[in-house]
Amino acid sequence: MTRNSGFPRLLVVTEFPPNASGGGPAIVRQMLQRWPAEKLLWWSCLPDSTKKFGRDVAAHFVAGIPSRLYPHITLPRFKAWLLNSTWRHFAARHLKRSIKLSKPDVIWAIPHQWSILPQVEVLWARSYHVSIHDYPDVHNSRRRLGLNVTNELILGMQQLYRLGTSRDAISNEMAADLEAVTTKPAAQILHSGVEPRELAYLQQKRSLKNRTITIAYAGTIAAKESFALFVAALSQIRKGFPSPIELHFFGAHRYEQESWFEKQWMIEHGNLTPEELTVRLRQCQWGFIPMELDDNNPRYNRYSLPTKIVSYLAAGLGIISVGHTASTVIRLARRYSFGIAIDETNASRMDEVLIQALSVDDPWSQFAEEILRCAHQEFDAASMRDKLHAMLQSQRPAI
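Here we summarise the structure given alongside this text. (Residues numbered from 1 in each chain as written. Predicted model: local features only at pLDDT ≥ 70, side-chain atom pairs only at ≥ 80, totals over all residues. Heavy atoms only, no water.)

With respect to the pairing of strand S9 (residues 245–250)
This is how the line gets drawn: Three exposure classes are used, based on accessible area relative to the maximum for each residue type with a 1.4 Å probe and protein chains only: buried under 20%, partly exposed in between, and exposed over 50%. Strands here are runs of E lasting at least two residues and helices are runs of H or I lasting at least four, both read from the DSSP assignment and numbered beginning at the N terminus. Whether two strands pair comes down to DSSP finding at least two bridges between them. Here the term right-handed applies to a crossover when the path leading from its first strand over the helix to its second strand runs clockwise, the strands being oriented away from the viewer.
In terms of residue burial, S9 counts as a mostly covered element, since five of its six residues are buried. Summarising the sheet, strand S8 (residues 213–218) and S9 pair through six bridges and their orientation is parallel. Opposite Tyr217, over in S9, you have Phe249 as the bridge partner. In this region the chain leaves S8, passes through helix H8 (residues 224–237) and returns to the parallel neighbour S9; the handedness of that crossover is right-handed. With three bridges joining them, S9 and strand S10 (residues 266–268) adopt parallel strand pairing. Residue pairing for S10: Leu247 is matched across the bridge by Met266.

Written as structure tokens, this is what we have:
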């Protein structure tokens, strides 16, 4: 038996390409890091514009959404209507042809945004494993895209989850919500994880005492109001704080044009490779993770789990969490004392809470035990990967 003979031909079906930025693509790449490229096929709605993350595939099929048709800012409701009424049928035919041409043994469906529409039309009669990373109605989708289109995306995602041969969700809260709606339990919780080499690093990590307090922010700013409150609090307390404070940004988005950006103490590092990001994060002391404080966006707050929290845990950073009491991040922060948690009950005292927390000489020495406990119990990458591979390898033939 050759080294790769145990891997079936796997077709990933989702919106994003193999080397996309963002939390969802990072999860998929991590879970497939041992999957040989010659056994991996990919179907997406968006092209792969970079090979930065090094995820090679045997074939990549793209049912492209024209950039001018993607509903970002201009006429989003009209563009969403066009995608739903016309593009979806083209994409469904394209997906059918791609499956016929590639002859996969297994299909892994990730119903992300617009990929939901063709998946619903094509996959209902096939065997597939399904993963839910986010709900399609987060971040004001009903207002932006319209009620009818958003509801169709939600119902399509629920149907794909219900009809999957096996399924997973990104958080315990999401799994419970999906089971209540579809009656189908998740076989596992699947999200970004801490790798064995990172756990080994944490076991031997030594204290990092810097005169400058360094706080990392990785990824895109989704909870903008919470982020702005945090930056305002930092800007205020640093004026009289005995140590310099720096906020370091890591990710594809640039923020130097934002009104709150202060180049004297904010540093942008850009979109680094995973290896480069690991090195830079280990030089910081804290990681910041905001969610909404008012819970007006409960589908994001209560069920999504930002991938950045895993990056912070893997680097051994104390974590500053901001969000509503019911949010996944704050609930996790209450179960594991890996840093400080700021919710709606103490947000008015954010300055005071931050002064007390940032006065700690060495966050690692204070939070190491709980960081390790959380990493082992909630974010064991090797365990999650083994369970996923076992489910994929047990699927019936896809065609």
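Some remarks on the sheet that holds S9
Note the following rule: Angles shown run from 0 to 180 degrees and are taken between the N-to-C directions of axes, each axis being a line fitted to C-alpha atoms and, for helices, limited to the stretch in contact. Any two residues whose heavy atoms approach within 4.5 Å are treated as being in contact.
Strand order in the open sheet made by the six strands is S10-S9-S8-S11-S12-S13, with parallel pairing throughout. Across the chains shown, the open sheet's two edge strands, defined by having one partner strand only, are S10 and strand S13 (339–342). Ignoring strand direction, the axes of neighbouring strands in this sheet form an average angle of 20°. Sheet strands touched by helix H13 (residues 350–358): S8, S9, strand S11 (286–290), strand S12 (318–322) and S13. Its angle to S13, the strand with the most contacts, is close to 180°.

Some remarks on the sheet that holds strand S3 (residues 59–62)
Strands sit in the order S3-S2-S1-S4-S5-S6-S7 across an open sheet of seven strands; the sheet is parallel. A strand with exactly one partner marks an edge of an open sheet, and here the two such strands are S3 and strand S7 (188–189). Of the strand pairs in this sheet, strand S5 (residues 129–132) and strand S6 (residues 166–169) are connected by four bridges, and their pairing is parallel. Across the sheet, residue His129 finds its bridge partner in S6, namely Ser166. Those strands touched by helix H5 (residues 147–163) are S5 and S6, and its axis lies near 135° from that of S5.

So, the packing of helix H2 (residues 76–102) against helix H3 (residues 116–123)
Defined as follows: The scheme is simple: roughly parallel for angles under 35 degrees, roughly antiparallel for over 145, roughly perpendicular for 65 to 115, oblique for anything else. Helix crossings fall into two classes, left-handed where the near helix is turned counterclockwise from the far one by less than a right angle and right-handed where it is turned clockwise. Asp, Glu, Lys and Arg are counted as charged, while Ala, Val, Leu, Ile, Met, Phe, Trp, Tyr, Cys and Pro are counted as nonpolar; the rest, among them Gly, fall into the polar class.
In the contact formed by H2 and H3, the axes pass within 8 Å of each other and the chain directions differ by 55°. Here H3 runs oblique to H2, going by the angle between their axes. Viewed along their axes, H2 and H3 form a crossing whose handedness is right-handed. For the pair formed by H2 and H3, the contact residues are Leu83, Asn84, Trp87, Arg88, His89, Ala91, Ala92, Leu95, Lys96 and Ile99 on the first element and Leu117, Pro118, Gln119, Glu121, Val122 and Leu123 on the second. Taken together, the residues that form the contact of H2 with H3 break down as 10 nonpolar, three polar and three charged.

Quick look at a nonpolar patch on the surface
Our working rule: Each patch is assembled from residues with relative accessible area greater than 30% and no salt bridge, linking like charges that lie within 9 Å and nonpolar side chains (Val, Leu, Ile, Met, Phe, Trp, Tyr) that lie within 5 Å. Note on areas: Shrake-Rupley, 1.4 Å probe, and residue coverage restricted to the protein chains presented here. Salt bridges, as used here, are contacts in which a Lys or Arg side-chain nitrogen is within 4 Å of a carboxyl oxygen on Asp or Glu.
There is a patch of nonpolar side chains on the surface, built from Leu75, Phe78 and Trp81 and spanning about 360 Å² of accessible area. Checked against the element boundaries, Leu75 lands in the loop between S3 and H2.

What to know about empty space enclosed by the protein
Heads up, the condition is: A cavity, in this analysis, means grid points on a 1 Å lattice covering only the protein atoms where a 1.4 Å probe fits yet has no way out; a pocket is instead an open set bounded by protein on both sides within 12 Å along at least five of seven lines, and a residue lines either one if it has an atom within 4 Å of a point. Grid points are joined across faces, edges and corners, and a volume is the space filled by probe spheres set on the points.
Following the criterion strictly, the structure yields one cavity of 30 Å³ or more and no others. Approximately 50 Å³ is the volume found for the largest cavity. Residue lining of the largest cavity: Lys205, Leu208, Cys284, Gln285, Gly316, Leu317, Gly318, Asp362, Pro363 and Trp364, and that is the complete set. Among the residues forming the lining of the largest cavity, the class breakdown is five nonpolar, three polar and two charged.

Quick look at helix H14 (residues 363–378)
Because each turn of an α-helix spans 3.6 residues, side chains separated by three or four positions end up pointing in the same direction. To be explicit about the condition: One fitted axis covers the seven residues ending at a residue, a second covers the seven starting there, and the bend at that residue is the angle between these axes.
At Glu369, H14 is bent by approximately 40°, the largest bend along its length. Contacts from the buried residues of H14 go to helix H7 (196–204), S11, helix H11 (308–315), S12, helix H12 (328–335) and S13.

Some points on the side chain of Thr307
Considering the arrangement of structural elements, one finds Thr307 in the loop between helix H10 (298–301) and H11. Those residues in contact with Thr307 that sit more than four places away from it in its chain are Gly23, Ile27 and Ser192.

Here's the deal with the packing of aromatic side chains
Using the following cut-off: Classification of ring pairs uses Phe, Tyr and Trp, with its six-membered ring standing for Trp, and accepts pairs whose centres are within 6.5 Å; under 30 degrees between planes counts as stacked, over 60 as edge-to-face, and the remaining range as tilted. Either the NZ atom of lysine or the CZ atom of arginine qualifies as a charge over a ring when it sits within 6 Å of the ring centre and within 35 degrees of the ring normal.
This structure, assessed with the given rule, holds 16 aromatic pairs. Three or more aromatic residues joined by ring pairs form one cluster here, namely Tyr217, Phe227, Phe230, Phe249, Tyr255, Trp260, Phe261 and Phe288. Against the face of Phe53 rests Arg29, its NZ or CZ located 4.0 Å from the ring centre. Looking at Arg167, its charged tip hangs above the ring of Tyr161, at a distance of 5.7 Å from the centre.

Re the pairing of strand S2 (residues 40–44)
The buried fraction of S2 is high, at five of five residues. Alternating residues of S2 divide into Leu40, Trp42 and Ser44 and Leu41 and Trp43, and every residue in both groups is buried. When strand S1 (residues 10–13) meets S2, the two strands line up parallel, connected through four bridges. The residue of S2 that forms the bridge with Leu10 is Leu40. Traced from S1 through helix H1 (residues 23–31) to S2, the parallel crossover comes out right-handed. As paired elements, S2 and S3 share four bridges and run parallel to each other. Each residue of the ladder has a partner; that of Ser44, found in S3, is Val62.

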